[in-house]
Amino acid sequence: MNQDKQERLNACLKEVAEILYEEADKANLTDLEGIEKTVRSQVLKYVSPEIALFLLNKQLEGK
């Protein structure tokens, strides 16, 4: 990945992280284990499905 794309990705991820933080149960963010579980849960619930749909649509566009 080139530097420009990496910087763009980092900016987008920071914005996503801010949104997910706002929605997180702060009581679970008191230690590394709680943070890891929260991040994993949010990624599986919100992020991964959107990426999968995007990739599927791209694949279908190519056919």
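Whatever comes next refers back to the structure up there.
Note that the coordinates shown come from a computational prediction; the quantities given were computed from them, not determined experimentally.

**Observations concerning the pattern of salt bridges**
Next up, step 1: Applying the stated rule across the entire model yields three salt bridges.
Next up, step 2: For Lys37, the salt bridge goes to Glu33, with nearest N and O atoms at 3.0 Å. Taken together, the positions of Lys37 and Glu33, both in helix α2 (residues 32–61) and four residues apart, correspond to about one turn of that helix.
Next up, step 3: Look at Glu33 and you get partly exposed, because its relative accessible area is 48%.
Next up, step 4: For Glu61, the salt bridge is made with Lys58, and the minimal N-O distance between the two is 3.9 Å. Of this pair, Glu61 and Lys58 both sit in helix α2, three residues apart, roughly one helical turn.
Next up, step 5: Given a relative accessible area of 44%, Lys58 falls into the partly exposed group.

What counts as what
Residues numbered from 1 in each chain as written. Predicted model: local features only at pLDDT ≥ 70, side-chain atom pairs only at ≥ 80, totals over all residues. Heavy atoms only, no water. Salt bridge = Lys/Arg side-chain N within 4 Å of Asp/Glu carboxyl O. Helix = DSSP H or I, 4+ residues; strand = E, 2+ residues; numbered from the N terminus. Buried < 20%, exposed > 50% of the residue type's maximum accessible area, 1.4 Å probe, protein only.

Shape is all these values report; function is a separate question.
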